[in-house]
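# Chains, contacts and geometry: an overview
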Amino acid sequence: MSQLQAKMPTDTWVNASWEEYLQVIDDPAHAETKGYYYNGRMRLEMSPLGNPHSRDHFIVISAIALFASVRGIDLDGHDNCTYRKMGCEEAQPDVSFYLGANAEAVPWEATIIDLDVYPPPDLVVEVAYSSLADDKGEKRLLYEALGVREYWIIDVQNVQIIAFEVQNGGSRRIAQSQVFSGLDIGLLEEALRRSRHMNHGKVSAWLLSQL
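Residues numbered from 1 in each chain as written. Predicted model: local features only at pLDDT ≥ 70, side-chain atom pairs only at ≥ 80, totals over all residues. Heavy atoms only, no water.

## Examining the sheet that holds strand 10 (residues 150-155)
Taken in spatial order, the six strands line up as 4-7-9-10-11-12 in an open sheet, and their pairing is mixed. Of all strands in the sheet, those with a lone pairing partner are strand 4 (75-79) and strand 12 (170-173), marking the two edges. If you compare each strand with its neighbour and ignore which way they point, the axes differ by 20° on average. Sitting on the sheet, helix 6 (residues 185-195) touches strand 10 and strand 11 (160-167), and the angle it makes with strand 11 is about 150°. (Pairing = 2+ DSSP bridges. Helix = DSSP H or I, 4+ residues; strand = E, 2+ residues; numbered from the N terminus. Axes fitted to C-alpha atoms, helices over the stretch in contact; angles between N-to-C directions. Contact = heavy atoms within 4.5 Å.)

In structure tokens:
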């Protein structure tokens, strides 16, 4: 395993046991990487640093927080948080949320969220600049297996949100959020488009006017 750890490729799925995955992800050399494990394979991703990814990352967090505040929805948001189902699955989505009755399900002091103890997040979001194919493929299957209620992919280059409702171990495309009643995906896409030529303060003001 030491050779695999030393030359561990990123942005691709690699066959590995759960124990091997934990060894790699706990290695200080991979402290800046995101880890995923599903179906006997692991994937490491370098934390995105580019301006386009970071700006869309901020927009989706801001938009959800504004919508929840205006609609009086209890909300617990997580940025790059790790969710673990011991022995079989792990994910570290860009953004994730617990809503309503689940908003206080996870205590503040929890670090890695153990999905054998706590419920899965209601909404998971991946911001895809260079990982779109995997976000639509293997990660979609991973989030179905974890039992999230809704999964969004922010397609940065095409200024699009690909949203799925997850039910019964599968998923289907949706145009309106099912976990945030009354929230059209198209409204968030318009916020992303506006952010290409407006600062975030102006985009947030526009969003508030629409909510």
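Additional details are given in the paragraphs that follow.
## Focus on the environment of Asp94
Counting through the fold element by element, Asp94 comes out in the loop between strand 6 (89-91) and strand 7 (95-99). We classify Asp94 as buried; its relative accessible area is 3%. Sequence-wise, Asp94 and Val127 are 33 residues apart; in three dimensions their C-alpha atoms are separated by 6.4 Å. Every residue in contact with Asp94, bar those within four places of it in the chain, is listed here: Lys34, His53, His57, His78, Asp79, Asn80, Val125, Glu126 and Val127. At 2.7 Å, the side chain of Asp94 forms a polar contact with the backbone nitrogen of Val127. (Buried < 20%, exposed > 50% of the residue type's maximum accessible area, 1.4 Å probe, protein only. Polar contact = N/O pair within 3.5 Å; in protein donor to acceptor, adjacent residues only side chain to side chain.)

## Thoughts on the pairing of strand 3 (residues 41-46)
Where strand 1 (residues 13-15) meets strand 3, three bridges bridge the pair, whose relative direction is antiparallel. Note on strand 3: the bridge partner recorded for Val14 is Met42. Sheet topology places strand 2 (residues 33-38) next to strand 3; six bridges connect them, and they run antiparallel. Following the sheet pairing, Lys34 is matched in strand 3 by Glu45. Hairpin connection from strand 2 to strand 3: two residues lie between these consecutive antiparallel strands, with Asn39 at a positive phi of about 55°.

## Side note on the packing of aromatic side chains
Given two aromatic rings, their pairing is described by the distance between the two centres and the angle made by the two planes. By the definition in use, this model includes seven aromatic pairs. Between the aromatic rings of Tyr83 and Tyr98, the centroid separation amounts to 6.4 Å while the plane-to-plane angle is 50°, which identifies the pairing as tilted. Of the two residues, Tyr83 is situated in strand 5 (residues 83-85) and Tyr98 in strand 7; the sequence distance between them amounts to 15 residues. With respect to burial, Tyr83 and Tyr98 carry one shared label: buried. On the numbers, 4.9 Å between centres and 50° between planes, the contact of Tyr143 with Tyr151 is tilted. (Phe/Tyr/Trp six-rings, centres within 6.5 Å; stacked < 30°, edge-to-face > 60°.)

## Quick notes on empty space enclosed by the protein
Tallied over the entire structure, the rule returns one cavity of 30 Å³ or more. The space that makes up the largest cavity amounts to roughly 40 Å³. What lines the largest cavity is Ile59, Val60, Ala63, Ile154, Ile161, Leu188, Ala191 and Leu192. Within the residue set of the lining of the largest cavity, elements represented by two or more residues are helix 3 (51-71) and helix 6. For the lining of the largest cavity, the residue count by class is eight nonpolar, no polar and no charged. (1 Å grid on protein atoms, 1.4 Å probe; cavity = no way out; pocket = protein on both sides within 12 Å on 5 of 7 lines; lining within 4 Å. Points joined across faces, edges and corners; volume = space filled by probe spheres on them. Nonpolar A, V, L, I, M, F, W, Y, C, P; charged D, E, K, R; others polar.)

## A short note on helix 7 (residues 200-210)
For helix 7, the complete set of buried residues consists of His200, Val203, Trp206 and Leu207. Projected down its long axis, helix 7 carries its buried residues within an arc of 120°, all on one side. The outward face of helix 7, more than 90 degrees from its buried face, is lined by the exposed residues Lys202 and Ser209. Of the residues flanking the start of helix 7, the one acting as N-cap is Asn199, its side-chain oxygen 2.9 Å from the backbone nitrogen of Gly201. (Arc of directions from axis to C-beta.)

## Observations concerning the environment of Asp76
Within the secondary structure, Asp76 is located in strand 4. Along the backbone, Asp76 and Leu99 are 23 residues apart, and their C-alpha atoms lie at a distance of 6.5 Å.

## Considering the nonpolar core
Within the largest apolar cluster, 31 residues are counted, with the highest numbers of intra-cluster contacts made by Leu123, Trp152, Ile161, Phe180, Leu183 and Leu207. Here the element with the most residues in this core is helix 3; it accounts for six residues. Grouped together as the second largest cluster of nonpolar side chains are 21 residues, Cys81, Leu115, Leu142 and Tyr143 included. (Core = buried A, V, L, I, M, F, W, Y, C linked by side-chain atoms within 4.5 Å.)

## Points about unusual backbone geometry
One non-glycine residue with positive phi stands out, namely Asn80, at about 55°. By secondary structure assignment, the location of Asn80 is in the loop between strand 4 and strand 5.

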